[in-house]
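# Working through the structure, step by step
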Amino acid sequence: MKIMKFGGTSVGKPERMHQVKDLITRDNEKKIVVLSALSGTTNALVSISDALAAAKKDLAKERIDALHQHYLDFYKALLKTEASRSKAEKIIKEHFEFLNIILKISFNEAISRDILAQGELLSTKLFYTLLQELDIPAVFLPALDFMSIDENSEPELKKISERLKVILGNYPEDRIFVTQGYICKNHRNEVDNLKRGGSDYSASLIGAAVSADVVEIWTDIDGMHNNDPRVVNKTRPIAQLSFDEAAELAYFGAKILHPASIWPAQQYNIPVKLLNTMEPDALGTTITKKEMGTGVKALAAKDGITAIKIKSTRMLLAYGFLRKVFEVFEKYKTSIDMITTSEVAVSVTIDDLSHLDEIVKELEGYGLVEVDKNQTIISIVGNLIAESKGTLAKVMNSLAGIPIRMVSYGGSRHNVSLLVEAQYKNEALQSLNEGLFEW
Ligand code: ADP
Ligand code: ASP
Ligand code: MG
C-alpha cells in the first residue's frame, strides 16, 4: 500500500486533475490518494468565514458567489459526459447551498470549521466523478469516518488505524481509494481540521495508520530545496534527508511540509518522498531514517515569533528558577521554540500568542519581562552541524550586517537557530545562501 497526497496546485486546474489521474494509474499498486482543496479555495473559505465573523454578510455572499462560479467553470472543463457533468452539478449545488444556508444562521467557531472543510470535500468528490467518468475503479473514503483529533487537537492515531483497517477490509479487491486531506472530527464529534497545510499531515497519519510502504507528497516543486525558493534567488533540491532533518525544516518553516507531518512516518519508519506533479520523473527528495553526509543541508525561516526576556538579578542563579518559568508556559499550553540564558536573564521564543498577556503577567512575579514581537527564527539544518568545523564562523560572517537577537547552537546535531527581526529575514536567508553553499 502506498499513500499519494496531491496538494492544491496539483488539483487546482482541470488539466492538472487529469494529470493526477494519470499518476495514480501508472502502476497497479494499492494506494490511498489524499487530496487537498483546489488551490485558492481554502483561502477563499477563510475569507468567507472572516467576513461572517465580522457580521459582513454581503461581503461573505459576494465571496461565496465568486467561489461558486469558479467551481461551475471548473467542472465544465474537467468532465465530458452529460452524466458526470450532472453529477458534478449536484455536488457543487449541495456544497454551495450549505454555504448559503450558513449566511442565514448565527455564526460560531464550529460553523467556521465546517466552512473550511468544504474545499477538500469538493475536490475529492469532483476527482472521484472524473474517475467514474473514465471507468477507473476506485473507492471513495470519507475522511470524517476515520480521521479524528482529541481534546488537545492531537491526532488519535490508534483509533484512526483501527477504523481504517475495518473500512479497508470491506474492499479487499480494490486498488485505489480517494480521501480528503486536512479535515477530521474533533472530540466533540464536530468537523475540524489539522491546521493550514494539514493535508501533508493527513497523508503521513494515514501512512502510519495502514503501515504503508511509502508516503508520496506530490506538489508543485521538485522536492525540498536548500532554501526558501519564494525568497531566495538560487535554490536547489536536496535528494536525501533524514527524518530528523526534514522534521526540523518542516517545523521551522519550510512550507513544502506541514510542521507536524514527519513524526507519524518517522515513528513507523515509512519513507516519505516529495515529488513534483508537473515533473513526475524528477528525482525529488527522499526522507528516511538514514543520516547521510555532514554539514549544512538547508535553511528555513519561521515567521510570527515573539521573544520574551525575563531578567532577574536575584532569582536566576537560584535552582528552581527555570522550572518556575517553564511551568508558566506549561500552564498555558504554549510551547517554547528557542531558549538562551545568561547570568541575569533568560530569553525564550513562542509562536502561539493566545495566552501572551496571562504569561507575561505571571512571569512578572519572577523578574522584569520584555516582549519583542515580529521576530523570525532562521534555522540552519543538516547533519552533525556542531561537529563540522567552521560552520558557525561562516554563519556569523554571512550575517555580519544583521543584528541577531538570539542564537541556539548544540541543542541538537541537526540545527543552529538564530532569531532576527522579521524585517531582516529575506536578507538573512539570501546572505546565508551565498555564504553556506557552494554554487
Ligand atoms: P501544496 O499545495 O502542494 O501543499 P505548498 O504550497 O503547501 O504546496 O508547498 C509547496 C511550496 O512550498 C513550494 O511551491 C515553495 O514555494 C514552498 N517552499 C518553501 N520552502 C521550501 C523549500 N525549502 N523547498 C521547497 N519548497 C519550499
Ligand atoms: N487546503 C488546506 C490548506 O490550504 C490543506 C492543505 O492544502 O494542505 O491549508
Ligand atoms: Mg501544503
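These lines cover the structure that appears in this document, whether it is placed above or below. No experiment lies behind these values; they were computed from the predicted model shown.

## Thoughts on the site of ligand 2
Lining the immediate environment of ligand 2, one finds Ser 36, Ala 37, Thr 42, Glu 120, Tyr 182, Arg 196, Gly 197, Gly 198 and Ser 199. Measuring from a nitrogen atom of ligand 2, one finds a side-chain N or O atom of Glu 120 at 2.6 Å. Here the residues of the shell around ligand 2 sort into two nonpolar, five polar and two charged.

## As for the site of ligand 1
Looking at ligand 1, there are 15 residues lining it, with Gly 8, Thr 219, Asp 220, His 225 and Lys 255 nearest. Within the side chain of Thr 219, a nitrogen or oxygen atom sits 2.7 Å from an oxygen atom of ligand 1. Burial of ligand 1 by the surrounding chains reaches 87%, relative to a free accessible area of 570 Å². For the shell around ligand 1, the class distribution of residues is four nonpolar, six polar and five charged.

## A look at the side chain of Ser 379
Of note, Ser 379 is situated in strand E14 (residues 368–383). For Ser 379, a relative accessible area of 0% puts it in the buried group. There is a polar contact of 3.1 Å between the side chain of Ser 379 and the side chain of Ser 417. Ignoring sequence-local partners within four residues, the contact set of Ser 379 consists of Phe 252, Ala 298, Leu 299, Ala 300, Asn 415, Val 416 and Ser 417.

## With respect to unusual backbone geometry
Backbone geometry at Asn 189 places phi at a positive 65°, although glycine is not the residue there. Tracing the sequence through the fold places Asn 189 in the loop between strand E5 (183–185) and strand E6 (191–193). Phi is positive for Asn 269, close to 55°, though the residue is something other than glycine. By secondary structure assignment, the location of Asn 269 is in the loop between helix H10 (263–267) and strand E9 (272–276).

## Observations regarding the pattern of salt bridges
Applying the stated criterion across every chain yields a total of 24 salt bridges. The partner of Lys 61 in a salt bridge is Asp 65, with the nearest N and O atoms 3.1 Å apart. Here Asp 65 and Lys 61 lie together in helix H4 (residues 57–78), a separation of four residues that amounts to about one turn. Taking the relative accessible area as the measure of exposure, Asp 65 reaches 36% and is therefore partly exposed. Three or more residues joined by partner-sharing salt bridges are found here, namely Lys 2, Asp 27, Lys 31 and Glu 216.

## As for the pairing of strand E13 (residues 345–350)
Along any regular strand the residues' side chains alternate between the sheet's two faces. Counting buried residues in E13 gives six out of six residues, a clear majority hidden from the surface. Bridge count between strand E11 (residues 295–311) and E13: six bridges; the pairing is antiparallel. Note that in E13 the partner of Lys 309 across the bridge is Ser 347. Pairing between strand E12 (residues 336–341) and E13: four bridges, direction antiparallel. Bridged to Thr 340 within E13 is Ser 347. Where E12 folds back on E13, the antiparallel hairpin that results is connected by three residues.

## Observations regarding the sheet that holds E11
If you trace the six strands from one edge of the open sheet to the other, you get E12-E13-E11-E14-E16-E15, paired in antiparallel fashion. With partners counted over all chains shown, the strands left at the sheet margins are E12 and strand E15 (406–412), one partner each. Recorded for the sheet is a direction-independent mean angle of 30° between the axes of neighbouring strands. Pairing geometry for E14 and strand E16 (residues 415–421), over seven bridges, is antiparallel.

## Things to note about the environment of Leu 436
Its place among the elements puts Leu 436 in helix H14 (residues 425–436). Taking the relative accessible area as the measure of exposure, Leu 436 reaches 12% and is therefore buried. Leu 436 sits 61 residues away from Gln 375 along the chain, and the two C-alpha atoms are 22 Å apart. Discounting residues that sit within four places of it in the chain, Leu 436 has contacts with Val 296, Leu 299, Ile 380, Thr 391, Lys 394 and Val 395.

## Comments concerning a nonpolar patch on the surface
A contiguous nonpolar patch, built from Leu 322, Phe 326 and Ile 339 and spanning about 220 Å² of accessible area, is present on the exposed surface. Examined against the element boundaries, Ile 339 turns out to sit in strand E12.

## A short note on the packing of aromatic side chains
Enumeration over the complete set of coordinates arrives at seven aromatic pairs. Aromatic side chains Tyr 71 and Phe 96 sit 5.9 Å apart centroid to centroid with 50° between the ring planes, which places their arrangement in the tilted category. Of this pair, Tyr 71 sits in helix H4 while Phe 96 sits in helix H5 (residues 82–102); the two residues are 25 residues apart in sequence, bridging distant segments of the chain. Judged by its relative accessible area of 1%, Phe 96 is buried. Pairing Tyr 171 with Phe 177 gives two aromatic rings, centres 6.2 Å apart and planes at 70°, and the pair type is edge-to-face. With a relative accessible area of 30%, Tyr 171 lands in the partly exposed category. Since its relative accessible area comes to 0%, Phe 177 is described here as buried. Its end group placed over the ring of Tyr 251, Lys 302 keeps NZ or CZ at 3.8 Å from the ring centre.

## Description of the sheet that holds strand E10 (residues 285–288)
With respect to topology, eight strands assemble into an open sheet ordered E3-E4-E2-E1-E7-E9-E10-E8, the strand pairing being mixed. Two strands in the sheet have a free side with no partner beyond their single neighbour: strand E3 (139–141) and strand E8 (240–242). On average, each strand axis in the sheet is tilted by 20° relative to the strand beside it, whichever way the strands run. Here strand E2 (residues 31–35) pairs with strand E4 (residues 176–180) via five bridges, running parallel. Bridge pairing links Val 33 to Val 178 in E4. Contacts between helix H2 (residues 14–24) and the sheet are confined to strand E1 (2–6), E2, E4 and strand E7 (214–219), with E1 contributing the most and set at about 170° to the helix.

The rules behind the values
- Residues numbered from 1 in each chain as written.
- Chains lettered and ligands numbered in written order.
- Predicted model: local features only at pLDDT ≥ 70, side-chain atom pairs only at ≥ 80, totals over all residues.
- Heavy atoms only, no water.
- Near = heavy atom within 4 Å.
- Polar contact = N/O pair within 3.5 Å; in protein donor to acceptor, adjacent residues only side chain to side chain.
- Nonpolar A, V, L, I, M, F, W, Y, C, P; charged D, E, K, R; others polar.
- Areas by Shrake-Rupley, 256 points an atom, 1.4 Å probe, with all protein chains shown as cover.
- Helix = DSSP H or I, 4+ residues; strand = E, 2+ residues; numbered from the N terminus.
- Buried < 20%, exposed > 50% of the residue type's maximum accessible area, 1.4 Å probe, protein only.
- Contact = heavy atoms within 4.5 Å.
- Salt bridge = Lys/Arg side-chain N within 4 Å of Asp/Glu carboxyl O.
- Pairing = 2+ DSSP bridges.
- Axes fitted to C-alpha atoms, helices over the stretch in contact; angles between N-to-C directions.
- Patch = residues over 30% accessible without salt bridge, like charges linked within 9 Å, V, L, I, M, F, W, Y side chains within 5 Å.
- Phe/Tyr/Trp six-rings, centres within 6.5 Å; stacked < 30°, edge-to-face > 60°.
- Lys NZ or Arg CZ within 6 Å of the ring centre and 35° of its normal.

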